[in-house]
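# An overview of the molecular structure
Chain by chain, the residues:
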2 protein chains.
Amino acid sequence: MTLSDELRISIDGKWRHVREQSRKELAEMDLLFDHDLTLDEARERVLEQMKKLIPTGIPAAGFSVKAGGTGDPGMAVTGISMLAQFDLSLMVKAGVQWGLFGGAIENLGTQSHHDAYIKDLINLDILGCFAMTETGHGSDVQSLETTATYDPATQEFVINSPTPSSRKDYIGGAAQHATVGAVFAQLITKGEQHGVHCFVVPLRDATGKDLPGVTTSDDGHKGGLGAVDNGRLMFDQVRIPRENLLNRYGQVDEGGTYSSPIDNSNRRFFTMLGTLIRGRVSVGGSASAACEVALSIAGRYALKRRQFGPSPDQEVLLMDYRMHQRRLLPLIARSYAYRFAQNQLVARMDSLQTADHPDPLKARELEGRAAGLKAAQTWHATEAIQEAREACGGAGYLAENRLTTLKGDTDVFTTFEGDNHVLFQLVAKELLTSYASEVGGLDPVGLVKFAAATATDVVKERTAASQLIQRLIDARSGKDDDHDLLDRGTQLGLFEEREQHVIETAARRLRRAGKDPEQAFAVFNAAQDHVIRCGRVHIQRVVLEAFTAGIARCEDPEAQDLLRDVCSLYALTEIESDLAWFMGHNRISDARAKTVTSLVNDLLDKLRPHTLALVEGFGVPESSLGAEMLLTEGQS
Amino acid sequence: MTLSDELRISIDGKWRHVREQSRKELAEMDLLFDHDLTLDEARERVLEQMKKLIPTGIPAAGFSVKAGGTGDPGMAVTGISMLAQFDLSLMVKAGVQWGLFGGAIENLGTQSHHDAYIKDLINLDILGCFAMTETGHGSDVQSLETTATYDPATQEFVINSPTPSSRKDYIGGAAQHATVGAVFAQLITKGEQHGVHCFVVPLRDATGKDLPGVTTSDDGHKGGLGAVDNGRLMFDQVRIPRENLLNRYGQVDEGGTYSSPIDNSNRRFFTMLGTLIRGRVSVGGSASAACEVALSIAGRYALKRRQFGPSPDQEVLLMDYRMHQRRLLPLIARSYAYRFAQNQLVARMDSLQTADHPDPLKARELEGRAAGLKAAQTWHATEAIQEAREACGGAGYLAENRLTTLKGDTDVFTTFEGDNHVLFQLVAKELLTSYASEVGGLDPVGLVKFAAATATDVVKERTAASQLIQRLIDARSGKDDDHDLLDRGTQLGLFEEREQHVIETAARRLRRAGKDPEQAFAVFNAAQDHVIRCGRVHIQRVVLEAFTAGIARCEDPEAQDLLRDVCSLYALTEIESDLAWFMGHNRISDARAKTVTSLVNDLLDKLRPHTLALVEGFGVPESSLGAEMLLTEGQS
């Protein structure tokens, strides 16, 4: 086996068979986006492509055996992410149908809903959408305005859009394909509001016409995802049977009495949201997968394209330029890092979701991890795909070379499934409140309140292999601020100490707030950049630990050596970008700080000969590289 | 007059009348891009739009009176940049026709060419393209492969594409509209090669069919600029009359003897390229103009959209969040900074280009400045438009809200008119070689050679108002590393000292190289990131000085006060992002460094109430904001 095979095996993780299967089967399906199609044609085509996915088993994997699936959540999210390497519109359409819509039916519904919908939605006999976001509220789901008012006279819920801002918006499938929606609305019965619940609402008849009281419209052209029919929904007193409430966490009886297994309405809401975690895991994984395609294209181009050099007849490969190495290799290293972190996340999610009695504390922790990694991976994708485009110059700007499509398609990933800043804030909240079980959600005041009460002893949980990590940290040598920066224990120690310090000082600031909501908000707001930084440095630590653990599991010595350098490049470039902090807080001496850049450059020299192996290690199928310039470029 | 009027006047600069005229006239022309059109329809529409521009006088302004224009280069580039606020395809088409193609005819041709083409190209009776870049060579223009071989028997040049990589590529107009090209090719006569020259080559007949020997093709869809017909050209022994050589800097007589007013072929080449500087000035200005639109949209949205807050009935404006201020205000400040720098650049360019005897040294300096500002402004646009998109969440992803189109359209600006890294390298070269008049261009070995010989006494030239700058620097108080960071003199001193240090140390590294080209290349390459950093910190200093000088010229006290804070925000966020350097080089003490972030936050608090005035100050016409979400958003 070649070095790139060993790398691929090592980063493919537990669902390697799904990746391998996808690489083979998807490559045969002609999935790449066609820019010559009209909006309607592109939407039609992606629907046909979805049908081809059914026999792969990926759609069914996302549902438990009891509900009508095959019960392999790890396969489901891995499979969805693999679609991102071919076409992100297809990935999003699949994610909406089987992940979000199907996930809502399974996780928020009960047996009768499973019986009624799951088989059909797996087979695309029902096309659904996930109608959560409204024009007025996105990340703040608790403030949605759509109402579902129970009418005991007819035993129906009345779904209504009371204001222009209550319009459901950006909903994938709403413009054209969806015949039914999982619609989130404030449940009202007997004059009392019980918070956001999810309802199955028929939207269109068999001919595609809006049902009475439903008004759908089209979001039209977007920055990408050209085959996804995002649209809007307005409801004018639409009546649905009482049974269409997905009633796992809240039920209304015939007479209109509300009941729920979870008394606290805040906790109920976040428990419901928590079951939908798979969306974030899929988005993060897909962003990374798309990003790997872009880096594979730019890396290969840099190994083919020559410009300038010592003399006109000695032109130099782009990849041999220091600056080009600087641009691409740290991003490749970070993609490796995120792959390990994502694999770990998927494995934890899978084991929680297939457990008979999942640990609620672990579930909470996983939600934070998924939110943070989603933010980190999607921002990384935005940055890396942009850099890959620029690194291919004019050729990179042509649609035939795929990079601009990857950029446009993934651009919204930093926004959907929660705005990234809000998600990092969520991570911070989990950290600052030490996972206090009463809270959840995103409102700033709650954060301040609970940080004030409980924030102590942070940075407790570690990734897997915590003993290994501790051993490495203990083994570092040197004075406090003068450790060897290439030593893994030093790097891990720096990341951990930084996290601890950033969280502790944030907690101290927040504790100053009193109980008055406005004052609490003001205190939170003055510290918001600090709070968000908590989430960011936490995730960097988690990722470094996952990488370290992943290297320990690699069985091929040559690949393991290479991964060690890649991991150091990841760690050192993250340190370099936050160097002022490490210096100012006496974690790295001024003298040592001056060596960081040359250490990075040394690593670039070491990794340069392995560029091809590294991008091949991502395992992006030839057909999804699809870049004309890699084939036809005359100059070489 | 309102504060925003005063701001607008102050940043509109010398060609304020052109900006005001464009805001009014262009707004009436229905120029915004229509995503529903096919490629062909969009191309056809932009051509019609170009015709409407003729009466504005902007096309004619770019040409001297002698050549058939009205002789107002400042108006020409300002007018082109204003197009960027409406539609970037139109800006690029106009820039290609009147700036690049027309500019080549005027600047590289002589009277007979002016007589033959200029009037007609101003009026669009001739549609041209600028055929420089090839598939194999972009930024390295000296290595172009297309040949123009003189045949004395027929007194013709034979234009030929000898290799697949010699294909002209990404050429605006080549796919469809251009009937004639300004084609760059290696001039060969009597068996000798005399370097790259420019030739007028007819491409298509009146029906649009390729002329014999010419093969045009289409670059198809791109990441943006959907109405620009970029394409490719191949020449198979195409014969053109001897007179079609644009012969200002090189002539071939009937018998085939080559002559030139500039003996040194390297210097000749860079003199020719230097005359084309207007392209870079226009691209930088247009990137900034587009960026101002994006920031205006995102700023206005943040002043309208509310999310979360102390309680559900007290939702808070996005703009009141610390993090949102952090995201947008520093970018707005940088846009103000670049506007002042761009105004200064345009004024210098205008006075040089309208001078009877332009100073060649000043021309060289201007080329460096234009290259560096183009790089800085286009990267800023990429970053700021991306941030603006994300700051508007899902709404920001819809084409109807313009941000994604601005992003896609400007994305290639970091590449064209020279890759930004190569351009910063060019700036560095000018600095490192103290404007040694023998060199120019981009090859690394030349840089090393001349840095070794001459680099001393750098950072000599200042922006205008150098006395003011010096006075401010002299007036700062405090110890070496403990000045007041809000003091303008301190900021200017820090930027200047950093530039000096970075350039001196780069020169020292390069001097180690010997004369062997391969060794020289290796030395250059090991220092490439350092070399590019020279260009970057130089431009930051130039921009801060231009901002400082601009504030001094502002006549309204209130606007002046506000601009002072905006300037400090620009300076401090640039310092913050390079803080480790200032700390490590004892320019800012550890204690002082810890205050930078809170100083920035204080400035954000001060500027927050002026957000609307600041974005209105950009003077983006309502119609080109065009964002649906600003009109229809229900929530408020």
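Since this is a predicted model, take the numbers as computed values, not measurements.

### Re the relation of the copies chain B and chain A
Aligned on chain A, chain B shows an RMSD of 0.0 Å; the corresponding rotation is 180° and the shift along the axis is 0.0 Å. Taken together, the rotation and translation relating the two chain copies correspond to the operation of a two-fold axis. It is B:Ala580 whose C-alpha, among those of chain B, lies nearest the rotation axis, at 2.1 Å. The residues that chain B uses at the interface reappear at the interface of chain A in 100% of cases, marking a shared surface.

### So, the side chain of B:Asp411
When you line up the elements, B:Asp411 lands in the loop between helix H13 (403–410) and helix H14 (420–432). Excluding anything up to four places from it in sequence, B:Asp411 contacts A:Gln386, A:Arg389 and A:Tyr397.

### A few points about the packing of aromatic side chains
Tallying each qualifying case throughout the model produces 22 aromatic pairs over all chains. A ring pair is formed by A:Phe130 and A:Phe184, whose centres lie 5.1 Å apart and whose planes are at 65°; its orientation type is edge-to-face. Within this pair, whereas A:Phe130 is found in strand E1 (residues 128–131), its partner A:Phe184 is found in strand E5 (residues 180–189), the two being separated by 54 residues in sequence. The two residues A:Phe130 and A:Phe184 agree in class, both being buried. Ring plane angle 80° and centroid distance 4.8 Å describe the contact between A:Phe269 and A:Phe270, whose orientation is recorded as edge-to-face. Accessibility classification places A:Phe269 together with A:Phe270 in one group, the buried group. In this structure an aromatic cluster arises from ring pairing among A:Tyr150, A:Phe157 and A:Phe199. For B:Arg498, the ring lying beneath its charged end belongs to B:Phe495, and the centroid distance is 5.1 Å.

### Some remarks on helix H7 (residues 111–122) of chain B
An α-helical turn contains 3.6 residues, so any two residues separated by three or four positions project in the same direction. Residue and element names in this part refer to chain B. Here H7 contains 12 residues, and its C-alpha end-to-end distance of 16 Å stays within 8% of the 16 Å for a straight helix at 1.5 Å per residue. In the core, the buried residues of H7 are packed alongside helix H4 (58–61), helix H6 (88–108) and strand E6 (192–202). The first or second residue beyond H7 is Leu124, which carries a positive phi of 65°.

### Re the sheet that holds strand E7 (residues 214–218) of chain A
Strands pair in a sheet through their backbones, by hydrogen bonds, and they do so in one of two ways: parallel or antiparallel. All names here are of chain A. In spatial order, the strands read E4-E8-E7; together these three strands make up an open sheet with antiparallel pairing. Only two strands of the sheet have a single partner each, and these edge strands are strand E4 (168–172) and E7. Strand-to-strand twist of the sheet, defined as the mean angle between neighbouring strand axes without regard to direction, takes the value 35°. In this sheet, strand E8 (residues 230–235) lies alongside E4 in antiparallel orientation, the contact comprising three bridges.

### Thoughts on the nonpolar core
Counting 371 residues, the largest nonpolar core has A:Tyr336 and B:Tyr336 as the members making the most contacts within it. Those residues in contact with A:Tyr336, other than ones at most four positions away along the chain, are A:Leu7, A:Ile11, A:Phe547, A:Leu563, A:Val566, A:Ala613, A:Leu614, A:Gly617 and A:Phe618.

### Some thoughts on the sheet that holds strand E4 (residues 168–172) of chain B
Residues and elements named next belong to chain B. The antiparallel open sheet is built from three strands, whose spatial order is E4-E8-E7. The outermost strands of the open sheet, each flanked by one partner alone, are E4 and strand E7 (214–218). Strand-to-strand twist of the sheet, defined as the mean angle between neighbouring strand axes without regard to direction, takes the value 35°.

### What about unusual backbone geometry?
Residue and element names in this part refer to chain B. The phi dihedral of Leu124 falls on the positive side, at around 65°, and the residue is not glycine. Take Leu124: it is sitting in the loop between H7 and strand E1 (128–131). With relative accessibility at 11%, the residue Leu124 sits in the buried group. Positive phi outside glycine occurs at Phe308, with the angle close to 50°.

### A look at the interface of chain B and chain A
Chain B puts 84 residues into the contact, and the matching count from chain A is 84 residues. Between chain B and chain A, roughly 6600 Å² of surface is buried when both sides are summed, and carbon and sulfur atoms account for 54% of that area. Applying the counting criterion to the chain B and chain A interface returns five salt bridges. Between A:Arg389 and B:Asp411 there is a salt bridge whose closest N-O contact spans 2.9 Å. Along the contact surface separating chain B from chain A lie 52 residue pairs in polar contact (both at pLDDT 80 or more).

### Examining the packing of helix H9 (residues 278–302) of chain B against helix H11 (residues 360–391) of chain B
When two helices pack together, their arrangement is captured by the angle between the axes and the distance separating the axes. Residues and elements named next belong to chain B. Viewed as axis vectors pointing N to C, H9 and H11 meet at an angle of 20°, and their least axial separation amounts to 8 Å. Here H11 runs roughly parallel to H9, going by the angle between their axes. Along this stretch, H9 crosses H11, giving a crossing that reads as left-handed.

### What to know about the side chain of A:Arg322
Locating A:Arg322 in the fold gives a position in helix H10 (residues 322–353). A distance of 2.8 Å separates the side chain of A:Arg322 from the side chain of A:Gln325, its partner in a polar contact. Leave out the neighbours within four places in its chain, and A:Arg322 touches A:Asn601, A:Leu604, A:Asp605, B:Asn525, B:Ala526, B:Gln528 and B:Asp529.

### Some points on the state of the cysteines
Residue and element names in this part refer to chain A. What the rule picks out here adds up to zero disulfides over all chains. Sulfur of Cys198: no disulfide; nearest cysteine sulfur belongs to Cys129 and is 9.9 Å away. Under the relative-accessibility criterion, Cys198 is labelled buried at 0%. Of all cysteine sulfurs in the structure, the one in Cys392 sits closest to Cys291, which takes part in no disulfide; the separation is 13 Å. Look at Cys291 and you get buried, because its relative accessible area is 0%.

### What to know about the confidence of the model for chain A
Residue and element names in this part refer to chain A. Summing up the model confidence of chain A, the mean pLDDT is 93 and the portion of residues at 70 or higher is 94%. The model gives residues 435–440 a pLDDT under 50, and that stretch makes 15 contacts with residues more than four places away or in other chains. Residue range residues 455–459 is modelled with pLDDT below 50. Its contacts to residues more than four positions away, or to other chains, number 15 contacts. The ipTM value of the predicted complex is 0.95, and its pTM value is 0.96.

About the criteria used
Residues numbered from 1 in each chain as written. Chains lettered and ligands numbered in written order. Predicted model: local features only at pLDDT ≥ 70, side-chain atom pairs only at ≥ 80, totals over all residues. Heavy atoms only, no water. Least-squares fit on C-alpha atoms with pLDDT ≥ 70 in both. Contact = heavy atoms within 4.5 Å. Helix = DSSP H or I, 4+ residues; strand = E, 2+ residues; numbered from the N terminus. Phe/Tyr/Trp six-rings, centres within 6.5 Å; stacked < 30°, edge-to-face > 60°. Buried < 20%, exposed > 50% of the residue type's maximum accessible area, 1.4 Å probe, protein only. Lys NZ or Arg CZ within 6 Å of the ring centre and 35° of its normal. Expected span 1.5 Å × (residues − 1). Pairing = 2+ DSSP bridges. Axes fitted to C-alpha atoms, helices over the stretch in contact; angles between N-to-C directions. Core = buried A, V, L, I, M, F, W, Y, C linked by side-chain atoms within 4.5 Å. Buried area = accessible area lost by both parts, 1.4 Å probe. Salt bridge = Lys/Arg side-chain N within 4 Å of Asp/Glu carboxyl O. Polar contact = N/O pair within 3.5 Å; in protein donor to acceptor, adjacent residues only side chain to side chain. Parallel < 35°, antiparallel > 145°, perpendicular 65-115°, else oblique. Left-handed = near helix turned anticlockwise from the far one by under 90°. Disulfide = S-S within 2.5 Å. pLDDT = per-residue confidence, 0-100.

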